[in-house]
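# Notes for the structure review
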2 protein chains.
Amino acid sequence: MSNHRDLALSYFQDHEEEIIRKLKNFISIPSVSTDPAHKEDIQKAAQWLKEELIDMGMEDVEIYPTPKHPIVYGQKLDAGEDAYTVLIYGHYDVQPEDPLDEWDTDPFVATIQGEEMYGRGATDMKGQVIASLSAVKAITETGDLPLNVKILIEGEEEIGGPNLGRFIRDHQEMLACDFALNPDTGMLAPDLPTITYALRGLAYFELRVYGPKQDLHSGQFGGAVHNPAQALSELIAGMHDEKGKVTLPGFYDDILPLEEEEREELSRSPLDEAFYLKETGAPALWGEEGYSPTERVGARPTLEINGLYSGFIGEGSKTVLPSYAMAKISTRLVPDQDPDQVGEQLERYLTENAPATVRWELDQLASSPASLSDRTSPWVEAYAQAAETVWSKRPLFKREGGSVPVVGEFQEYLGVECVNAGFGLPTDNLHGPNEKVHLPTLKKGIQALIHFFFNLGR
Amino acid sequence: MSNHRDLALSYFQDHEEEIIRKLKNFISIPSVSTDPAHKEDIQKAAQWLKEELIDMGMEDVEIYPTPKHPIVYGQKLDAGEDAYTVLIYGHYDVQPEDPLDEWDTDPFVATIQGEEMYGRGATDMKGQVIASLSAVKAITETGDLPLNVKILIEGEEEIGGPNLGRFIRDHQEMLACDFALNPDTGMLAPDLPTITYALRGLAYFELRVYGPKQDLHSGQFGGAVHNPAQALSELIAGMHDEKGKVTLPGFYDDILPLEEEEREELSRSPLDEAFYLKETGAPALWGEEGYSPTERVGARPTLEINGLYSGFIGEGSKTVLPSYAMAKISTRLVPDQDPDQVGEQLERYLTENAPATVRWELDQLASSPASLSDRTSPWVEAYAQAAETVWSKRPLFKREGGSVPVVGEFQEYLGVECVNAGFGLPTDNLHGPNEKVHLPTLKKGIQALIHFFFNLGR
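The notes below deal with the structure included here.

What counts, and where the lines are drawn
- Residues numbered from 1 in each chain as written.
- Chains lettered and ligands numbered in written order.
- Predicted model: local features only at pLDDT ≥ 70, side-chain atom pairs only at ≥ 80, totals over all residues.
- Heavy atoms only, no water.
- Helix = DSSP H or I, 4+ residues; strand = E, 2+ residues; numbered from the N terminus.
- Rg over C-alpha atoms; globule rule 2.2 N^0.38 Å.
- Buried < 20%, exposed > 50% of the residue type's maximum accessible area, 1.4 Å probe, protein only.
- Contact = heavy atoms within 4.5 Å.
- Lys, Arg positive; Asp, Glu negative; His and termini not counted.
- Charge placed at Lys NZ, Arg CZ, Asp CG, Glu CD.
- Axes fitted to C-alpha atoms, helices over the stretch in contact; angles between N-to-C directions.
- Parallel < 35°, antiparallel > 145°, perpendicular 65-115°, else oblique.
- Left-handed = near helix turned anticlockwise from the far one by under 90°.
- Patch = residues over 30% accessible without salt bridge, like charges linked within 9 Å, V, L, I, M, F, W, Y side chains within 5 Å.
- Areas by Shrake-Rupley, 256 points an atom, 1.4 Å probe, with all protein chains shown as cover.
- Salt bridge = Lys/Arg side-chain N within 4 Å of Asp/Glu carboxyl O.
- Pairing = 2+ DSSP bridges.
- Core = buried A, V, L, I, M, F, W, Y, C linked by side-chain atoms within 4.5 Å.

Bringing the overall build of chain A into the picture now. Per the secondary structure count, chain A includes 15 helices and 18 strands. Against the globule reference of 23 Å for 458 residues, chain A gives a C-alpha radius of gyration of 23 Å, in line with a compact fold. Expressed along its principal axes, the backbone C-alpha trace of chain A runs to roughly 80 × 50 × 45 Å. Counting every position in chain A, which comprises 458 residues, the buried fraction comes to 66%. For chain A, restricting intrachain contacts to residue pairs at least 6 apart in sequence, the fraction spanning at least 24 positions comes to 80%. Where the 39 positive side-chain charges of chain A centre and where its 76 negative ones centre are 2 Å apart.

In structure tokens, the structure reads:
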């Protein structure tokens, strides 16, 4: 086996250029899941992946349609019943590219500058998908897999759709495994291998506030009706109190307090106030009183305004009193908050606080629970050893602010834990313009995954 | 003279169709002043007007360029030095047409339905311009003018630009007159001739609130920095208190209280709460405590949000933490508020209330003072008599919520009063989609103007 491990590592090193080329091709498909205009690109990305899986020796490779975007699946079960089975997760969809004018390169033409590759999806998570596929391929091309491998790659991660959960529930036998690998998470720094053991949940809303039946002349009617943009602002302003706490009724009721031991572990994160100031470029930090930035983004729930629209937003001035105003609002949740209950809390907040001078409508666009993973499983230990082999350092354990619903769904429907270990960096601009991935870290990640799989071989 | 009056009225009636055709042509030129894309249309509208003025017998007709949009001017001074001189004001620019999808007809294809003509500018104020030109033409085509006529039509009314004020200041001799006619105002109802004696001023701003240096992942950073869309909402929410009063420091300091006599006159307006509810379609009225809707829009200053933008406003969800947020904010002012001082008040409000967690920038895009006109001048009396001739009713006096900066500029630079009498209706949807003008009222208006000019003949 140790011989095969070396062969696989060599194979990877001999094929680095091919891997880079593949990632560039993958990024060139604008598989933006939220935009109906990209429906064909979504299909194209799924087809591209299907061919990749076949090419690397996977069997039973199939594109499973869902009511929205398809799921790509393949497996190779030659290691036998005595061997472990890993289910590797990935998503091929990406965030929208806008604001386009803030990109320095074409978001869908992967561009290497120094050690970085720029492009939408470079780090979230086309780079991570290519990393896990490349690690498996390095092994299959040089011998037999030391464990059974199942690969599931979905297309709705960035829109938090309900279809993956249903698919997992309906395919429990096919997806049965001992543990899952989820590389849709990141490292704290290029020299700090990291295992994420907690991910925040997400509840995403669109709130529309309506006033007059149509846009009015602000001189002719201004002062006599409640301006919906003002009413929306007033409602948003009331969603936090002066201590930075979210005011939705019952929002914090189900949350377990952070234990001292955990706060200590989190305080070892190198992402201190100086990091957050530098990386965000904000004039000053902000947040819930009594918590560090690392705790605020990883271990505490938050409410964000993701978008605002009302009236005239073009160049110059237009004296319009708008007929409606819209906000995209999302909450990031921690265990044991229920995203649907948070929807009810927001609804209650609006019922209690919206004045009779406006009407409102609320849609919940996404809903996924937070997850907390076992930090002591054999899979976590195997990854920790693999990471130590590559980086000469034990991994840090961290809680992540982002949401990866699949971790909770694997726990719920398959009864298995995830090893959440990907190779993105906090500086990768994911979801923003100039998204990038750090190529040396991605390559080390592929080596770590090769070691990880061999560490679990019997 | 009385014979000439009848001839002019007949001439008008014989040429109604031609007038409608002219208005349609005028509306078909999309002279949107705020949008640089319409620069050529602005020129086209000015050229179209120049030809109209020449065609109706005006002399010294010229297009005067300004740093932005040109001014069209013409005059006919045959009535001699003993006769009065009137300066007729108009503007040929219009508001942007958006939101386009809320129009039932093409905004730049004037469409008659029943008694209404729909189209951008139909009432504000291409219809009013055509009305005054048609009244003058009916007189010049049937004899000599009973008074000297000067006509000035500008192209920056809807953007509140500084160029008209400068032009008036620099052409005091050319524009010298006994009084001005400003038809850029309206009537309270089709059977209620109306003279506007007060117009609100305008101060228009764009406020931009900046947080992180670029859009961030709301999971990765949400909770650690102040979301600019939230910060903007908080600032906007604070701009009114719970009594509907504007909180900018010093905002009400210079305002003269409404006198009982004036409140009584205003209370005779037929625009009661039921009108405002029906016309706006708002679920309930709103506004400054202690004032009626008519007082709120006419006699009290207000602050409106005209536009809001931040982050992702497309279909679906994007979990972005936006880097900035923008609001278009305007205040409508009453005598003796100074629009530039209001700019300083808003600046002070922001300095005092914006948190250190965000940066902000404020631009003042428009600035014009309110005006209050003499209700007892001979010109006002001549118009009152003319209106009574046509509608068999003495006109009501009203204060209007909109802003027509030229009224104050004529007072300041020419030392003359305006008769503010136009034929728009409160139901005309000015500045909104489906703007329209009521054709029977416009035609009566032309008759009233013919009488008005003859009433002032010597």
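Now that the structure is up, let's keep going.
Attention now moves to the packing of helix α2 (residues 16–27) of chain B against helix α4 (residues 122–140) of chain B. All names here are of chain B. Packing of α2 against α4 leaves a shortest axis separation of 10 Å and a crossing angle of 140°. Here α2 is positioned oblique relative to α4, judged by the angle of their axes. For the pair α2 and α4, the sense of crossing is right-handed. Residue-level contacts link Glu18, Ile19, Lys22, Leu23, Phe26 and Ile27 of α2 to Ala122, Lys126, Gly127, Val129, Ile130, Ser134 and Lys137 of α4.

What follows is about a negative patch on the surface. Residues and elements named next belong to chain A. Side chains of Asp253, Asp254, Asp336, Asp338, Asp340, Glu344 and Glu347 sit close together on the surface and give a patch of like negative charge. Mapped onto the elements of the fold, Asp340 is located in helix α12 (residues 339–353). On the accessibility criterion, Asp340 (43% relative accessible area) is partly exposed.

So, on to the sheet that holds strand β14 (residues 359–368) of chain B. With antiparallel pairing, eight strands are arranged side by side in an open sheet as β14(A)-β9(A)-β13(A)-β11(A)-β11(B)-β13(B)-β9(B)-β14(B). Edge positions in the sheet fall to β14 (359–368) of chain A together with β14 of chain B, since each of these pairs with one other strand and no more. Put simply, the sheet's adjacent strands are angled 20° from each other on average, direction ignored. Relative to strand β13 (residues 324–333) of chain B, strand β9 (residues 201–210) of chain B runs antiparallel, the two being bridged by 10 bridges. The partner of Tyr210 of chain B across the bridge, within β13 of chain B, is Tyr324 of chain B. Sitting on the sheet, helix α8 (residues 228–237) of chain A touches β9 (201–210), β11 (302–311) and β13 (324–333) of chain A together with β11 (302–311) of chain B, and the angle it makes with β13 of chain A is about 15°. Strands in contact with helix α8 (residues 228–237) of chain B are β11 of chain A together with β9, β11 and β13 of chain B; relative to β13 of chain B, the strand with the most contacts, it is inclined by about 15°.

All names here are of chain A. Burial analysis of strand β16 (residues 396–400) places five of its five residues in the buried class, the great majority of the element. By the alternation rule, side chains of β16 split into Leu396, Lys398 and Glu400 and Phe397 and Arg399, which are all buried. Where strand β8 (residues 194–199) lies against β16, five bridges are found, and the strand directions are parallel. Across the sheet, Leu199 pairs through a bridge with Glu400, a residue of β16.

With that out of the way, let us pick up the nonpolar core. Across soluble globular proteins, you tend to see nonpolar side chains buried next to one another. In this structure, Tyr383, Phe410, Ile450, Phe452 and Phe453 of chain A are the most contacted members of the largest nonpolar core, which totals 95 residues. In this view, Phe410 of chain A contacts Leu87, Tyr89, Ile168, Ala180, Gly415, Val416 and Cys418 of chain A; residues no more than four positions away in its chain are not counted.

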